[in-house]
Amino acid sequence: MEYDCGFNTKLLHGKTSKSFPNREILPPISQVTAFRYDSMEELERVFLHKSMGYAYSRIGNPTITAFEQRIQELEGGNCLYGGTIGLFHDLEKWGIHIVYVKDLTEETVKPLINAHTKAIFGELISNPSLKVMNVPSISRLAHEAGIPLIVDSTTATPFIARPLELGADIVIHSTSKYLNGGGNSIGGVIVDGGTFRWNFEKHTALREFKKFGKLALSVRLRTDTWENLGGCMAPMNAFLSYIGTDTLGLRMQRICENADRLAHALDQMKGIQVSYLTLPSHPCYEEAKDILDGYGGGILSFRAGSKERAFRIINSLKYACIASNIGDVRTLVIHPASTLYIQASKEEMQAAGVYEDTVRVSVGIESADDLIADFTEAINNSREGKEDENYSFR
Ligand SMILES: *Cc1c(COP(=O)(O)O)cnc(C)c1O
């Protein structure tokens, strides 16, 4: 693997980095709620969307704009919306029905599309099952049905893949993870590729915004949903996330190298079963080579044979922090079945690739040798006897 200079150079010296009013190297933190105008007419024009301007930080704020523009540059999108979106379970209460599939492939999704289907949504690299979505084939299917493909690219980041270039219409990220990188702010972004031709008979919620054409969704999110539902980012969080992304390329390069080395080292050990995208045993190995440019991302998981042994391993790690997050510069480790999936049914857990003995690792930027030594020692010390070498994984 070599450094992608194009990516890092664009990241640090792109249009966004030259857009600040006093030639600041970083975006100034506009820690304000509202913006002052010299006349009521001017402010009225802003509210009528007849002139550009900031009015109230829920709707727009220069620090948030800087962060939005930076992600937009990296993903190649048109319009962006900062904030976090609700969980699908909450959408059910709003009359939006979600149909789930275990594996998002052309074969599994095609029979489920009907006249009521409004969109297909999936994760590019699913967390923690590590399945890779074949974006070109799913987007073809979506477009044949006249619906958009929405891709959650949180675990891939624009360093590994740019789903809009692969055919997706909308990309979302939890910026709390790799984009921020330092584990210091919650946030989310929606990147609208601005190319999807909305069908206003089917996508009735966008009807009012018909005059904006392909940008109808972006405009609706910014002027309506965001303002009314309150998913707005704090300027300080936008600033911290902005400076976090300065090192996205360096961190992802290092994280992917570390994860690849750790996965290969653990794969040699008896009595555990490792899942990582650059291991030839992984079911999505070929897809990862194709769609993720050979990178495997920063998450790996392994099965320890029993919940008790998984706990013993986790508890004796020296460097990995026990925390329910991913994408930090520090290596984080968790037992998903007793935390993130505590409310899930057995079927939901299995669909997500989570078993009673699964340990999830979000690999950080520490020295790979230290991580390998730490995990090797913890796994070796967790053995109770010879029989532990012959665990079966069902
Ligand atoms: C963490 C995560 C989210 C949710 O992110 P928040 O920032 O906590 O809202 C969504 N998608 C993926 C893939 C995630 O890892």
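Residues numbered from 1 in each chain as written. Predicted model: local features only at pLDDT ≥ 70, side-chain atom pairs only at ≥ 80, totals over all residues. Heavy atoms only, no water.

**Student:** Could you clarify how one ought to interpret the sheet that holds strand S7 (residues 299-303) in this entry?
**Tutor:** Working definition: the strands of a sheet are paired by backbone hydrogen bonds and lie parallel or antiparallel to each other. Here we have 5 strands laid out as an open sheet, ordered S6-S7-S10-S9-S8, and mixed in their pairing. Of all the strands in the sheet, the pair left with one neighbour each is strand S6 (273-275) and strand S8 (321-322). Both strand S9 (residues 332-334) and strand S10 (residues 358-362) contribute to a ladder of 3 bridges, which runs antiparallel. Across the sheet, Val333 pairs through a bridge with Val361, a residue of S10. Sitting on the sheet, helix H11 (residues 248-267) is in contact with S6, S7 and S10, with an inclination near 15° to S7. (Pairing = 2+ DSSP bridges. Helix = DSSP H or I, 4+ residues; strand = E, 2+ residues; numbered from the N terminus. Contact = heavy atoms within 4.5 Å. Axes fitted to C-alpha atoms, helices over the stretch in contact; angles between N-to-C directions.)

**Student:** Would you mind going over the pairing of strand S4 (residues 170-174) with me for this structure?
**Tutor:** S4 sits mainly inside the fold: 5 of its 5 residues count as buried. Of the two faces of S4, both are covered, the one formed by Ile170, Ile172 and Ser174 as well as the one formed by Val171 and His173. For strand S3 (residues 149-152) and S4, the ladder comprises 3 bridges, and the chain directions are parallel. Looking across to S4, one finds that Asp152 is bridged to Ile172. (Buried < 20%, exposed > 50% of the residue type's maximum accessible area, 1.4 Å probe, protein only.)

**Student:** Where do I start with the side chain of Ser17 in this structure?
**Tutor:** Mapped onto the elements, Ser17 comes out in the loop between helix H1 (5-13) and helix H2 (40-47). What makes Ser17 buried here is its relative accessible area of 18%. Here the side chain of Ser17 touches Gly14 through a polar contact of 2.7 Å, landing on its backbone oxygen. Once residues within four sequence positions are removed from consideration, Ser17 is found in contact with Leu12, Glu24 and Tyr242. (Polar contact = N/O pair within 3.5 Å; in protein donor to acceptor, adjacent residues only side chain to side chain.)

**Student:** What am I meant to see in the site of the ligand here?
**Tutor:** Taken together, 10 residues lie near the ligand, and Asn127, Asp152, Ser174, Ser176 and Lys177 sit nearest. A distance of 2.7 Å separates an oxygen atom of the ligand from a polar side-chain atom of Ser174. The fraction of the free accessible surface of the ligand (380 Å²) that becomes covered by protein chains is 66%. For the shell around the ligand, the residue count by class is 1 nonpolar, 6 polar and 3 charged. (Near = heavy atom within 4 Å. Areas by Shrake-Rupley, 256 points an atom, 1.4 Å probe, with all protein chains shown as cover. Nonpolar A, V, L, I, M, F, W, Y, C, P; charged D, E, K, R; others polar.)

**Student:** Sorry if this is basic, but what is going on with unusual backbone geometry here?
**Tutor:** Residues apart from glycine generally show negative phi values, whereas peptide bonds are mostly found in trans. Cis geometry marks the peptide bond from Asn127 to Pro128; its omega dihedral reads 5°. Checked against the element boundaries, Pro128 lands in the loop between strand S2 (120-123) and helix H6 (135-144). With a phi angle near 65°, Thr157 is a residue other than glycine that sits in the positive phi range. Tracing the sequence through the fold places Thr157 in helix H7 (residues 157-160). The phi dihedral of Asp293 falls on the positive side, at around 60°, and the residue is not glycine. As for its placement among the helices and strands, Asp293 is situated in the loop between helix H12 (285-291) and S7. Accessibility expressed as a relative area gives 59% for Asp293, which makes it exposed.

**Student:** Help me understand the pattern of salt bridges in this model?
**Tutor:** Close approach of charged atoms allows side chains of opposite charge to pair. A full pass over the atoms with the stated rule returns 10 salt bridges. The partner of Asp38 in a salt bridge is Arg36, and the shortest N-O contact between them spans 3.9 Å. Look at Asp38 and you get exposed, because its relative accessible area is 71%. Its relative accessible area of 73% is what places Arg36 among the exposed residues. When the shortest N-O distance is used, the salt bridge between Asp328 and Arg330 registers 3.0 Å. On the accessibility criterion, Arg330 (40% relative accessible area) is partly exposed. (Salt bridge = Lys/Arg side-chain N within 4 Å of Asp/Glu carboxyl O.)

**Student:** What is the right way to look at the environment of Gly213 in this model?
**Tutor:** Of note, Gly213 is situated in the loop between strand S5 (188-192) and helix H9 (216-229). Residue class for Gly213 comes out partly exposed when judged on its relative accessible area of 27%. If sequence neighbours within four positions are ignored, Gly213 has contacts with Trp198 and Phe200.

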